[in-house]
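For reference, the chains in residue letters:
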Protein chains: 2
Amino acid sequence: MSFQRVAIIGLGLLGGSIGLAVAQHLPEVTTTGYDRYPATRKRAAERGLVNRVCETAADAVREADLVIFCVPPGAMGEAASEIADALPPGALVSDVGSSKRAITKALNEALPSHTVIPAHPVAGTENSGPDAGFATLFHNRWCIITPPEPTNLLLLSQLVEFWEALGANVEMMDAEHHDLVLAVTSHLPHLIAYTIVGTASDLEEVTRSEVIKYSAGGFRDFTRIAASDPTMWRDVFLSNKDAVLEMLQRFTEDMTALQRAIRVGDGQALFDHFARTRAIRRSIIEEGQDDARPDFGREDHGTT
Amino acid sequence: MSFQRVAIIGLGLLGGSIGLAVAQHLPEVTTTGYDRYPATRKRAAERGLVNRVCETAADAVREADLVIFCVPPGAMGEAASEIADALPPGALVSDVGSSKRAITKALNEALPSHTVIPAHPVAGTENSGPDAGFATLFHNRWCIITPPEPTNLLLLSQLVEFWEALGANVEMMDAEHHDLVLAVTSHLPHLIAYTIVGTASDLEEVTRSEVIKYSAGGFRDFTRIAASDPTMWRDVFLSNKDAVLEMLQRFTEDMTALQRAIRVGDGQALFDHFARTRAIRRSIIEEGQDDARPDFGREDHGTT
């Protein structure tokens, strides 16, 4: 491993998991960390998320050869500005943000004389904060790296090596394509989940306690991702606005078509649509991207 | 237990699970079963889903004191007609359908001289067919009974007792309210999941293999319920059309509001919405309606 001192800015789910994963897989590497919230720094130190929790971002990066920003997309630029004077000239700058074009721009503007190679590990849970991280979060998950043109090939290969050491499979694509792919596989699903959970909470005719009670009919699935960190998701939608709005437009068209089929009683159109969506689930399971057990392998939680 | 001979019409996920649950919890009760598909009857016999698989629906109900229709909503009326002449006069007629007004009407029209008390166990998985059922499906799940007015109180109490014996908690409401509650907790979520999975399959700019590969970003959650039985769901939407269209209209309004917030960059509106949907998840977990572990307790399936 070429990086010897990794600084992690932001010690929530992602930052904390990177720290723990480095400790597990790359014990020779030293990690420093910083979070703008004192309570998070305190908890990070208690859990040992990094070798040393620092009181300022500048202190955390002073000797780093790799700094990874693990803050919400909208906070990347400001976080990068805070370390501009302290970061060694040869250090690589990366991140874990869910949108890449806007973040790449923000990091490059704040750190114009450093090499920036953005990354996005497609991994997470609905939990957030310094207690949410765990060392195996990246095992067999994809990490998408979006190298700039031209790119520093040595630093790029070191970053690939770093993520592979943490258990991830690395894929590369340009930032624009990343933003389109993630708009459909991640951003739109979150937006829809947030919407329907809000819709269900606001009904007058159906009480909230009924919604909760009968949520096993399907609704509860959506509540998981709608419990994700609101700050991060606000920033994701704002920083990937164009691609999200484009996908949302297509979703709305498709929903309108199904709505019409229901209204006019076109059972064949409904059946044809519902039959073809099964194949995707099968492929996801075959490629090891989800738990094959029915109901995600949920335990019979009702009995507890 | 007052029912001694239970006939199950339709031997898929629900019918099969009832048969297995009766064998486990009410071994003194005899079960007969019928399915219109010969292959399903054969498999049901092999798995022992009921004590006796019959070659006609009439044979299955000839000595029954309770018959439960476990066929798609749109097939209830025809299935009930098939047994009208064979069903003993005092036998109770029930079902497990996901919509109640249309099914109640269909069953009453086909069996005008029998007592019909509809029921809906809010339980299931994304799997269907004779291999999908299991004896504990109803454990600590809600079963909603929608008694007609006036109702036969003795038969009603026996039906309650039956579902409680299978491990369910019973709740009663009128059919109209049931259809509204389930439209939001089950039907709308399925419609949305089917829609987004379809939208993602049809993109030109993002390949299907990319959608599958990066589905852990949120999309894969939707693919589970979009893998549910297409025939059943076609019928659910057609048989609960009014309530589904009403809920869909509200969902669309809420989605349009969030879409506008993204377009104009109103981060506060997004944050406020996303922050309040977290509370619902918490309540669902507190009430034992979902697995409290992160990510539904999915195993690190990627390592297999």
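Because the structure is predicted, anything quoted here is derived from the model rather than measured. The written sequence of each chain sets the order in which its residues are numbered from 1. Written order decides the labels, with chains lettered from A and ligands numbered from 1. For this predicted model, a pLDDT threshold of at least 70 governs which residues receive local features, and a threshold of 80 or more governs which side-chain atom pairs are given and counted, while totals over whole chains, interfaces and linings are taken from all residues.

Chemist: Give me the lowdown on the overall build of chain A, citing residues and values where you can.
Modeler: Where helices and strands are cited, they refer to DSSP runs of H or I of at least four residues and of E of at least two residues respectively, numbered from the N terminus. Counting its secondary structure elements, chain A contains 13 helices and nine strands. Within these notes, the globule rule equals 2.2 Å times the number of residues to the 0.38 power, and the radius of gyration is based on C-alpha atoms. Relative to the compact-globule value of 19 Å for 304 residues, chain A shows a C-alpha radius of gyration of 21 Å, a close match. Across its three principal directions, the C-alpha atoms of chain A cover 65 × 45 × 35 Å. Around each residue's C-beta, the other C-beta atoms within 10 Å are counted; 20 or more make the residue buried, 12 or fewer make it exposed, and counts in between make it partly exposed. All C-beta atoms are placed from the backbone. Counting only residues that meet the buried cut, chain A has 56% of its 304 residues in that class. Taking contacts inside chain A between residues at least 6 apart in sequence as the whole, the part at least 24 apart equals 73%. Note that contacts rest on C-beta atoms placed from the backbone: two residues are in contact if these are within 7 Å.

Chemist: So what's going on with the sheet that holds strand E9 (residues 169–172) of chain A? Residues and values would help.
Modeler: All names here are of chain A. Two strands qualify as a pair provided that DSSP identifies no fewer than 2 bridges between them. Spatially, the three strands line up as an open sheet ordered E7-E8-E9, and their pairing is mixed. The open sheet is flanked by strand E7 (119–121) and E9, the only strands paired with a single partner. Taken over all neighbouring pairs, the strand axes of this sheet differ in orientation by 20° on average, direction set aside. Sheet topology note: the strand E8 (residues 142–145)/E9 ladder contains four bridges and is parallel. Looking across to E9, one finds that Trp-142 is bridged to Asn-169. Between N-to-C directions, angles span 0 to 180 degrees; the directions come from axes that are lines fitted to C-alpha atoms, helices contributing only their stretch in contact.

Chemist: So, the relation of the copies chain B and chain A: which residues are in play, and what are the values?
Modeler: Copies are brought into register by a least-squares superposition over C-alpha atoms of residues with pLDDT of at least 70 in both. Expressed as a screw transformation, the operator carrying chain B onto chain A has a rotation angle of 180° and an axial translation of 0.0 Å, and the superposed copies differ by an RMSD of 0.0 Å. The superposition of one copy onto the other is thereby described by a two-fold rotation axis. When the interface residues of chain B are mapped onto chain A, 100% of them again lie at the interface, so the same face is used by both copies.

Chemist: Tell me about the domain arrangement of chain A, and please be specific about residues and values.
Modeler: All names here are of chain A. Boundary definitions for the domains trace back to an automatic or database domain assignment. Domain boundaries assigned for chain A yield domain 1 (5–173) and domain 2 (177–303). A C-alpha centroid distance of 29 Å is found between domain 1 and domain 2. At the interface, 16 residues of domain 1 touch 18 residues of domain 2. Of all the elements, helix H5 (residues 101–110) adds the most residues to the side of domain 1 that touches domain 2, at three residues. Classes in brief: Ala, Val, Leu, Ile, Met, Phe, Trp, Tyr, Cys and Pro nonpolar; Asp, Glu, Lys and Arg charged; the others, Gly included, polar. Of the residues that constitute the side of domain 1 that touches domain 2, the class distribution is six nonpolar, seven polar and three charged.

Chemist: Give me helix H12 (residues 267–276) of chain A: which residues, what numbers.
Modeler: Residues spaced three or four apart along an α-helix face the same direction, because each turn holds 3.6 residues. Regarding H12(A), the residues found buried are Leu270(A), His273(A) and Phe274(A). Here the buried residues of H12(A) occupy an arc of 95° about the axis, which is enough to place them on one side. Against helix H11 (241–264) of chain A together with helix H7 (175–201) and helix H10 (230–239) of chain B lie the buried residues of H12(A). Arc definition: directions from the helix axis to the C-beta atoms.

Chemist: Provide a residue-level description of the packing of helix H7 (residues 175–201) of chain A against H11(A), including the pertinent values.
Modeler: Residue and element names in this part refer to chain A. Put simply, H7 and H11 touch, their axes get as near as 9 Å, and they point 65° apart. Pair H7 / H11 crosses with right-handed handedness. The residues of H11 that touch H7, namely those facing Asp-179, Leu-180, Ala-183, Val-184, His-187, Leu-188 and Leu-191, are Ala-243, Val-244, Met-247, Leu-248 and Phe-251. Across the contact of H7 with H11, the residue classes break down as 10 nonpolar, one polar and one charged. Definitions for this section: a left-handed crossing has its near helix turned counterclockwise from the far helix by less than a right angle. A right-handed crossing has that turn clockwise.

Chemist: Describe the interface of chain B and chain A, listing the residues and the values that go with them.
Modeler: Listed as interface residues are 98 residues of chain B and, on the opposing side, 98 residues of chain A. Those elements giving two or more residues to the side of chain B that touches chain A turn out to be H7, helix H8 (208–213), helix H9 (219–225), H10, helix H11 (241–264), helix H12 (267–276) and helix H13 (278–286) of chain B. The element best represented in the side of chain B that touches chain A is H7(B), accounting for 19 residues.

Chemist: Just give me the short version of H7(B), but keep the residues and values in it.
Modeler: Under the convention used throughout, the expected extent of a helix is 1.5 Å for every residue step, that is, one less than its residue count. With 27 residues, H7(B) should cover 39 Å at 1.5 Å per step; its first-to-last C-alpha distance of 36 Å lies within 8% of that length. Of all 27 residues making up H7(B), 24 are buried, and the element is well covered by its neighbours.

Chemist: Give me unusual backbone geometry: which residues, what numbers.
Modeler: At the junction of Glu149(A) and Pro150(A), the peptide bond is cis and its omega measures out at -10° in the coordinates. Positionally, Pro150(A) belongs in the loop between E8 and helix H6 (153–165). Within the chain, Phe296(A) stands out as a residue other than glycine whose phi angle is a positive 60°. Within the fold, Phe296(A) resides in the segment after helix H13 (278–286). The exposure class assigned to Phe296(A) is buried, which follows from the 22 C-beta atoms found within 10 Å. Not every positive phi belongs to a glycine, and Asp295(B) is a case in point at roughly 60°. Tracing the backbone through its elements, the reader meets Asp295(B) in the segment after H13.

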